[in-house]
Amino acid sequence: MSIAAYHQTIAECDDPRKIEYRVFLRITLALENNRDADWRSAALKDALWRNLELWNALRADLLEDGNALPEALRAGLVSLSFAVNRNTQRVLRGEGGIDLLLHINRSVMQGLQGAAQGAAQGAAQPALELATEDLSYGT
């Protein structure tokens, strides 16, 4: 079996929450690695666009009728996706930093990690709390 086939098999068999966590982790690390970069940095822009693409895909999935997440959690995450969009635009205009984006991603990652360990109710709490916070700080 080739390495690519092996990775494909693992991806198809792995828990979806673990896969989501890994995607968030890679993108969040890319953002962190470019935290101090100038807003015109190609590497920062790439990380920002990847993060925005992730959140746009997440929002599309959350808005699907068949999404099994609780409605309140879905609504909170959709609100976060719009906050990510607004903050990303500010950063791309040179008007703010990425701290809010990092905070949001880390909180979602905490929720995904907790959910993967079987604590779905408690794991959802960080994202729900973020959804009700004032999301304008740091920008």
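All of these numbers come straight from a predicted model, not from anything done at the bench.

(A) Here's a closer look at the overall build of the chain. Of the regular secondary structure elements, the chain holds six helices and zero strands. When the helices and strands of the chain are read in sequence order from the N terminus, they spell out α-α-α-α-α-α. Partitioning the intrachain contacts of the chain with sequence separation of at least 6 by distance along the chain shows that 64% fall at a separation of at least 24. As presented, the chain carries roughly 8,100 Å² of accessible surface, and 52% of it is formed by carbon and sulfur atoms.

(B) Broad picture of the nonpolar core. Counting 29 residues, the largest nonpolar core has Phe24, Leu48, Trp55 and Ile98 as its most contacted members. Taken together, the elements giving at least two residues each to this core come down to α2 (16-33), α3 (42-62), α4 (71-92) and α5 (99-116). Setting aside residues no more than four positions away along its own chain, Trp55 makes contact with Phe24, Leu77, Leu80, Ser81, Val84, Ile104, Asn105 and Val108.

(C) Region of the structure containing α2. In this model α2 runs 26 Å from its N-terminal to its C-terminal C-alpha over 18 residues, within 8% of the 26 Å that 1.5 Å per residue would give. Three or more residues of α2 are buried, namely Tyr21, Phe24, Ile27, Thr28, Ala30 and Leu31.

(D) Inspection of the pattern of salt bridges at higher detail. Enumeration over the complete set of coordinates arrives at five salt bridges. In this structure, Asp38 engages Arg40 in a salt bridge whose closest nitrogen and oxygen atoms are separated by 2.9 Å. Note on Arg40: relative accessible area 53%, which makes it exposed. One salt bridge connects Asp46 with Arg50, and the closest N-O pair in it is separated by 4.0 Å.

(E) Seen up close, the confidence of the model for the chain. Averaged over all residues, the pLDDT of the chain equals 83, while 73% of them reach at least 70. Within the chain, the lowest mean pLDDT, 45, falls on helix α6 (residues 120-132), and the highest, 97, falls on α3. Across residues 118-128, confidence stays below pLDDT 50; counting only partners more than four residues off in sequence or on other chains, it has 14 contacts. When the criterion is pLDDT under 50, residues 130-139 qualifies, and its contacts beyond four places in sequence or with other chains add up to 17 contacts.

(F) Local environment of the packing of aromatic side chains. Across all of its chains, the model carries one aromatic pair by this definition. Measuring from centroid to centroid gives 5.6 Å for Phe24 and Trp55, while their planes differ by 80°, and the two rings are edge-to-face. One end of the pair, Phe24, is in helix α2; the other, Trp55, is in helix α3, with 31 residues separating them in the sequence. Classification of Trp55 by relative accessible area gives buried; the value is 0%. Against the face of Phe82 rests Arg59, its NZ or CZ located 4.5 Å from the ring centre.

(G) Structural view of α3. The end-to-end C-alpha separation of α3 is 30 Å, in line with the 30 Å expected for 21 residues at 1.5 Å each. Considered for burial, the residues of α3 that qualify are Leu44, Ala47, Leu48, Asn51, Leu52, Leu54, Trp55, Leu58, Arg59 and Leu62. For α3, the buried positions fall inside an angular range of 160° around the axis, keeping them on one side. Those residues of α3 that are exposed and aimed more than 90 degrees away from the buried face are Ala42 and Glu53. Residue Ser41 occupies the N-cap position of α3, its side-chain oxygen lying 3.3 Å from the main-chain nitrogen of Ala43.

Calculation notes
- Residues numbered from 1 in each chain as written.
- Predicted model: local features only at pLDDT ≥ 70, side-chain atom pairs only at ≥ 80, totals over all residues.
- Heavy atoms only, no water.
- Helix = DSSP H or I, 4+ residues; strand = E, 2+ residues; numbered from the N terminus.
- Contact = heavy atoms within 4.5 Å.
- Areas by Shrake-Rupley, 256 points an atom, 1.4 Å probe, with all protein chains shown as cover.
- Core = buried A, V, L, I, M, F, W, Y, C linked by side-chain atoms within 4.5 Å.
- Buried < 20%, exposed > 50% of the residue type's maximum accessible area, 1.4 Å probe, protein only.
- Expected span 1.5 Å × (residues − 1).
- Salt bridge = Lys/Arg side-chain N within 4 Å of Asp/Glu carboxyl O.
- pLDDT = per-residue confidence, 0-100.
- Phe/Tyr/Trp six-rings, centres within 6.5 Å; stacked < 30°, edge-to-face > 60°.
- Lys NZ or Arg CZ within 6 Å of the ring centre and 35° of its normal.
- Arc of directions from axis to C-beta.
- Polar contact = N/O pair within 3.5 Å; in protein donor to acceptor, adjacent residues only side chain to side chain.

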